[in-house]
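One-letter residues, chain by chain:
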Amino acid sequence: MTVLPAADAPIPIFTTLKEVYGSLATAAKHAERWDELVREFETKFGHKPTYVARAPGRVNLIGEHIDYADFGVFPAAIEHDILIACAPRPASTVAAHPDGHAPGSVVAENLHTRYTRQVFMPTRRHTLGDDVPLDAVRVAPWHLDIDKSELRWESYVKAGYYGVLNHFFSPSSVSSVPVPVDILVTGNVPPGSGLSSSAAMVVSSTLAFLAANGIFDGEKAPTKGELVNIAMENERRVGVNSGGMDQSASVIALPGSALYVSFVPSLHAEPIGLPRDAVFVCANSLVVSNKAESAKHQYNLRVAETLAAARLLSHRLNLQVDSTDGDNTKRRLVTLREVLARKSGFYQDEQDAQLEDLGQLRKGLVDVLGIAMDYLLPEFGNRTDISLDEMINKSGMDEAEFKEVYLSGVDGNEESKLQTLGKLMNDSHDSCHRQFDCSHPKVNDLVRVARSFREVETGRGKGRIYGSRMTGAGWGGCTVSLVHREDVESFIMHVKKKYASYEGMSEEDLASCVFATEPGMGACVFKFTN
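Treat the numbers as computed from the prediction; the structure is a model and nothing was measured.

1. Digging into the overall build of the protein
Working step 1: Helix and strand content of the protein: 15 helices and 17 strands.
Working step 2: The burial tally for the protein puts 48% of its 530 residues in the buried class.
Working step 3: A fraction of 69% describes how many contacts in the protein between residues 6 or more apart in sequence connect residues 24 or more apart.
Working step 4: By element, 53% of the accessible surface of the protein is carried by carbon and sulfur atoms, the whole surface being about 26,400 Å².

Right, here's the structure in full:
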């Protein structure tokens, strides 16, 4: 799969927390967690970690349930994350773990006391191959047991490990085997909250096993785009037919930016800078929505319904979406994006799309510019620029109209950007609720509470809440609200007070339910230097 520049960047390897979180202030908030993780790793395993893999959760701002239909989405990473400290297991620990030095064996611990130690190792299954004689044996890829009927925390660790094993360790090679690894997991992305804790867990696990096995030290190190594809494949191991938005946001995001992610003709991720005063506030509805556990009757069912709808539409519109080989018809999955493109006459094969589009664009520009350049260039002197006043004069519009139409989105009009993004977020939630039926009554209540903040007097005028919507797959989980930086504390107090399900909760519990986050840094690996 060809990837474009943002996704083609290498996975960052950092040595300071400021690099990890993008700012010293944000790093300071998380330093204690990191210190505890390192201390506990040494206590539990008797040696220091060599790496910490980090992957953040995400909020989605525009575009829900459309990534698997091949339409673009607009998520942002949050500060909350999954951390996995890891290290190859020293030979000196063999007495404590007699089976711990088999190739690729894993001892996995979790800082949360409800999760118990897990020990597992991959195996190679020998199966008869279709392309070899029946009396011959073919070596199958690596295998790890994952019980999809009863998902546990280590299931996501195994899912991440799967991709590393089968992408970077040839099952037929006796020299290339994974090392025994110790890992310690911690995280503050609430599970089942719609903030993509599962994708963060799988991405972080994938990074941990890549780092512990020295993959980043060689030529086979994956790019960000390749990691997204591996993580998507890995998450399907736990039964989620992910469309790629969650993994893209967790891996490719940059501080202060949201991410416009498109999937056709290839993975493309473009960071879009957000206004300086943009702060997101996540609020948990307390309705658990675990994508993997409820997949059969919620998320995966909706994927199947959407793909089936595309098939029905293509048949009704007499669109040719399948190929034929003699008398045989080769059926394939078709997406709503493809149906729309074919119906509109814009569909092209993936491998030809970019070249053809560029060729048409180039020809069009030549034709248009030949006529327009004389008019657009200044009328005197050797200048090659044009002033704003000249531009307005040539536009046929008055100054106020021109600035409203063309300058409302440029730097210097941050308030307009916030209002525009907020309206799109509101429209997106209303669509999820009324048209796609993937919200929840409690989530709708929380959205109404958030939006009512605009009627609250803050001392600086009415509350500046620009938009609020569900985030994640839906059917529960969190909302995300776009709030002006100066009003964040007042907004959080308002939500805690007005959302009925928070009544009687302690301040400590409320702090984990309603929290502010700025658009954060994507996944990375922290390398200890001593």
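2. Some remarks on the packing of aromatic side chains
Working step 1: Inspection of every chain in the model, using the stated rule, returns 8 aromatic pairs.
Working step 2: Ring geometry for Tyr161 against Phe209: centres 3.9 Å apart, planes inclined by 10 degrees, an arrangement best described as stacked. Placement of Tyr161 in helix α3 (residues 153-168) and of Phe209 in helix α4 (residues 197-212) is noted, with a sequence separation of 48 residues between them. The burial state of Tyr161 is the same as that of Phe209; both residues are buried.
Working step 3: Centre to centre, the rings of Phe453 and Phe491 are 5.3 Å apart; their planes meet at 80 degrees, and the pair counts as edge-to-face. Pair noted here: Phe453 is in the loop between α13 (441-451) and β14 (465-470) and Phe491 is in helix α14 (residues 488-498), with a separation of 38 residues, a long-range link.

3. Regarding the packing of α3 against α4
Working step 1: Where α3 meets α4, the closest approach of the two axes is 8 Å, and the angle between their N-to-C directions is 45 degrees. It follows that α3 is oblique to α4 by the angle criterion. Note that α3 runs across α4; the crossing there is right-handed. Side by side, α3 and α4 meet where Trp153, Tyr156, Val157, Ala159, Gly160, Tyr161, Val164 and Phe168 of the first sit next to Ser198, Met201, Val202, Ser205, Thr206, Phe209 and Leu210 of the second.
Working step 2: Its residues placed into classes, the contact of α3 with α4 shows 11 nonpolar, 4 polar and no charged.

4. Some words on the sheet that holds β14
Across a sheet, strands are paired by hydrogen bonds formed along the backbone, either parallel or antiparallel in direction.
Working step 1: The 4 strands are arranged β14-β15-β11-β16 in an open sheet whose pairing can be described as antiparallel. Strands at the two margins of the open sheet, each flanked by one partner only, are β14 and β16 (514-517). Taken pair by pair, the neighbouring strands of this sheet meet at an average axis angle of 20 degrees, ignoring direction.
Working step 2: Sheet topology places strand β11 (residues 278-284) next to strand β15 (residues 478-484); 7 bridges connect them, and they run antiparallel. Counterpart to Val279 in the pairing with β15 is Val483.
Working step 3: Here helix α12 (residues 414-434) sits on the sheet in contact with β11, β14 and β15, set at roughly 25 degrees to β14.

5. Re the pattern of salt bridges
Working step 1: Following the criterion strictly, the structure yields 25 salt bridges and no others.
Working step 2: For Arg485, the salt bridge identified is with Asp277, shortest N-O distance 3.9 Å. Here Arg485, found in the loop between β15 and α14, pairs with Asp277, found in the loop between β10 (268-273) and β11; they are 208 residues apart in sequence, far enough to count as distant.
Working step 3: Residue classification places Arg485 among the partly exposed residues on the basis of a relative accessible area of 34%.
Working step 4: With a closest N to O distance of 2.4 Å, Glu338 and Arg332 form a salt bridge.

6. Observations regarding the layout of surface pockets
One simple way to see leftover space: roll a probe sized like a water molecule over the atoms.
Working step 1: The computed volume of the largest pocket comes to approximately 1,100 Å³.
Working step 2: If you trace the largest pocket, you find 43 residues lining it, with Tyr115, Val189, Pro190, Pro191 and Ser197 closest to the centre.

7. Observations concerning the packing of α13 against α14
Working step 1: Taken N-terminus to C-terminus, the directions of α13 and α14 make an angle of 135 degrees; their axes are 9 Å apart at the nearest point. Between α13 and α14, the angle falls in the class oblique. For the crossing formed where α13 meets α14, the hand is right-handed. Between α13 and α14, the residues in contact are Leu446, Val449 and Ala450 and Phe491, His494, Val495 and Lys498, respectively.
Working step 2: Class assignment of the residues belonging to the contact of α13 with α14 gives a composition of 5 nonpolar, 1 polar and 1 charged.

8. Regarding the confidence of the model for the protein
Working step 1: Per-residue confidence for the protein gives a mean pLDDT of 84, with 83% of residues at or over 70.
Working step 2: Per-element confidence in the protein ranges from a low mean pLDDT of 50 for helix α9 (residues 350-376) to a high of 98 for strand β17 (residues 524-527).
Working step 3: pLDDT under 50 marks residues 132-140. Its contacts with residues more than four places away, or in other chains, come to 17 contacts.
Working step 4: pLDDT under 50 marks residues 350-356. Its contacts with residues more than four places away, or in other chains, come to 7 contacts.

9. Concerning the nonpolar core
Working step 1: Residues Val157, Tyr161, Ile183, Val185, Val203, Leu207 and Phe209 are the most contacted members of the largest nonpolar core, which totals 68 residues.
Working step 2: Dropping the residues within four chain positions of it, Leu207 is found in contact with Ile11, Ala53, Arg54, Phe216, Leu227, Ala523, Cys524 and Val525.
Working step 3: If you look at the next biggest cluster of nonpolar residues, it comprises 20 residues, including Leu61, Leu195, Val480 and Phe515.

10. Observations concerning the environment of Arg33
Working step 1: Positionally, Arg33 belongs in helix α2 (residues 24-45).
Working step 2: Of the residues examined, Arg33 reaches a relative accessible area of 18% and is grouped as buried.
Working step 3: Spatially, the C-alpha atoms of Arg33 and Gly187 are 9.2 Å apart, while their sequence positions differ by 154 residues.
Working step 4: With residues near it in sequence (within four places) discarded, Arg33 still touches Tyr21, Asp81, Leu83, Thr186, Gly187 and Asn188.

Cut-offs and rules
- Residues numbered from 1 in each chain as written.
- Predicted model: local features only at pLDDT ≥ 70, side-chain atom pairs only at ≥ 80, totals over all residues.
- Heavy atoms only, no water.
- Helix = DSSP H or I, 4+ residues; strand = E, 2+ residues; numbered from the N terminus.
- Buried < 20%, exposed > 50% of the residue type's maximum accessible area, 1.4 Å probe, protein only.
- Contact = heavy atoms within 4.5 Å.
- Areas by Shrake-Rupley, 256 points an atom, 1.4 Å probe, with all protein chains shown as cover.
- Phe/Tyr/Trp six-rings, centres within 6.5 Å; stacked < 30°, edge-to-face > 60°.
- Axes fitted to C-alpha atoms, helices over the stretch in contact; angles between N-to-C directions.
- Parallel < 35°, antiparallel > 145°, perpendicular 65-115°, else oblique.
- Left-handed = near helix turned anticlockwise from the far one by under 90°.
- Nonpolar A, V, L, I, M, F, W, Y, C, P; charged D, E, K, R; others polar.
- Pairing = 2+ DSSP bridges.
- Salt bridge = Lys/Arg side-chain N within 4 Å of Asp/Glu carboxyl O.
- 1 Å grid on protein atoms, 1.4 Å probe; cavity = no way out; pocket = protein on both sides within 12 Å on 5 of 7 lines; lining within 4 Å.
- Points joined across faces, edges and corners; volume = space filled by probe spheres on them.
- pLDDT = per-residue confidence, 0-100.
- Core = buried A, V, L, I, M, F, W, Y, C linked by side-chain atoms within 4.5 Å.

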